[in-house]
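# Per-entry structural report
Here is what each chain is made of, one letter per residue.
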Amino acid sequence: MQVFADEARTKGRRTGFVPTMGYLHEGHLSLVRRARAECDLVTVSIFVNPVQFGPGEDFSSYPRDFESDKFLLEKEKVNVIFNPSVNQMYPEPSLVNVFVHRLTETLCAAIRPGHFEGVALVVLKLLNAVKPHKAYFGAKDWQQQVVIRRMVEDINLDVEIVTCPIVREPDGLAMSSRNIYLSKDDRARALVLNQSLNEAERLVKKGERDVQAVLSRMREMITEKTTEKIDYVSAVDPVTLHPVQKIEGPTLFALAARFGKARLIDNRLVEP
Ligand code: AMP
């Protein structure tokens, strides 16, 4: 991968990189298309990264379908599919830990300890393998792109991070490889996540400035549809991820909740 990347750079070709865990859907493909439009070469990695999964999480059952992914990526005229094995990526357990402070204290980090260290480590390794000029991430995983941006900035990585909007199903459910875990019933109930974000946006646009009032309304809506525990429903500053008390500027409403076997996340950036 590095030899290929060096040759491409020598020839002055600009590379766009889309890191994924595979089982691709239109959300992933939107990043691929953006990279295709902006760069000479597009590399997509497919790697289910064990170190970002906690004990008891779904690493072994995470959906995989390389043939279908390959078919979809060929249609998008992707130049390289980088599909390393776990052994190639981690011949030995890494003694290096990439810990991005502060940004990994809230939201998903509080519920998935070690998750963002695993993400930061693998993204750093992938960037060093692919050597792209631009790397594309989805706003679906808001905290992830905030963490990656800060890592890139703080250690002067020579790459531009591009964040692309959330792609949804026609009924509003945010696309996710994990949606495959949803039963028909769970899937219908999970629509409440997007609906609660619509409601938050509606309230703020109507003039509501009290964060707790908005969050209570969201929790109430979600609780009506799931018996499982809500992981979190929060309002944070979109860059620092600090909790917001009063809505005065752009505010990120972010949530994670479980429906059956699926843990789903979603978010919405709301401008008052
Ligand atoms: P994953 O395969 O889940 O690790 O996701 C790979 C990349 O695709 C990440 O940058 C995600 O944020 C992005 N992504 C996943 N789902 C969506 C979506 N529904 N809309 C936009 N981007 C997405």
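Everything below is about the structure shown above.
Read on for an overview of the structure. What you see is a predicted model; the values in this text were computed from it and never measured. (Residues numbered from 1 in each chain as written. Predicted model: local features only at pLDDT ≥ 70, side-chain atom pairs only at ≥ 80, totals over all residues. Heavy atoms only, no water.)

Attention shifts here to the side chain of Thr226. Within the secondary structure, Thr226 is located in the loop between helix H9 (211-225) and strand S6 (230-236). Here Arg258 takes part through its backbone oxygen, which lies 2.9 Å from a polar atom of the side chain of Thr226. Leave out the neighbours within four places in its chain, and Thr226 touches Arg189, Arg258 and Phe259. (Helix = DSSP H or I, 4+ residues; strand = E, 2+ residues; numbered from the N terminus. Polar contact = N/O pair within 3.5 Å; in protein donor to acceptor, adjacent residues only side chain to side chain. Contact = heavy atoms within 4.5 Å.)

A few words now on the nonpolar core. Ranked by internal contacts, the top residues of the largest apolar core, which has 41 residues, are Val123, Ile148 and Met151. When contributions to this core are tallied by element, the ones reaching two or more residues are helix H5 (107-111), helix H6 (115-130), strand S4 (134-138), helix H7 (142-154), S6 and strand S7 (251-259). In terms of residue count, H6 provides more of this core than any other element does, eleven residues in total. Beyond its immediate sequence surroundings of up to four residues, Ile148 is in contact with Val119, Ala120, Val123, Phe137 and Ile161. Membership of the second largest hydrophobic core comes to 32 residues, among which are Val48, Val192, Leu203 and Val233. (Core = buried A, V, L, I, M, F, W, Y, C linked by side-chain atoms within 4.5 Å. Buried < 20%, exposed > 50% of the residue type's maximum accessible area, 1.4 Å probe, protein only.)

Here we come to the layout of surface pockets. Here the second largest pocket defines a volume of roughly 300 Å³. Taken together, 14 residues line the second largest pocket, and the ones lying closest to its centre are Val100, His101, Leu103, Arg150 and Asp154. A breakdown of the residues in the lining of the second largest pocket according to their chemical character gives seven nonpolar, four polar and three charged. (1 Å grid on protein atoms, 1.4 Å probe; cavity = no way out; pocket = protein on both sides within 12 Å on 5 of 7 lines; lining within 4 Å. Points joined across faces, edges and corners; volume = space filled by probe spheres on them. Nonpolar A, V, L, I, M, F, W, Y, C, P; charged D, E, K, R; others polar.)

Turning next to the pattern of salt bridges. Per the counting criterion, the structure on display carries 19 salt bridges. Where Glu76 meets Arg33, a salt bridge forms, and the shortest distance between an N and an O atom there is 2.9 Å. In this pair, Glu76 sits in the loop between helix H3 (66-75) and strand S3 (80-82) while Arg33 sits in helix H2 (residues 26-38), placing the two residues 43 residues apart along the sequence. Taking the relative accessible area as the measure of exposure, Glu76 reaches 16% and is therefore buried. Relative accessible area serves as the criterion here: at 36%, Arg33 is assigned to the partly exposed category. Where Glu201 meets Arg268, a salt bridge forms, and the shortest distance between an N and an O atom there is 2.7 Å. Taken as a pair, Glu201 in helix H8 (residues 184-206) and Arg268 in strand S8 (residues 262-270) lie far apart in primary sequence, 67 residues in all. With a relative accessible area of 24%, Glu201 lands in the partly exposed category. A network of salt bridges, in which partner residues are shared, links Glu199, Arg202, Arg217 and Glu220. (Salt bridge = Lys/Arg side-chain N within 4 Å of Asp/Glu carboxyl O.)

Coordinates in, geometry out; function isn't part of it.
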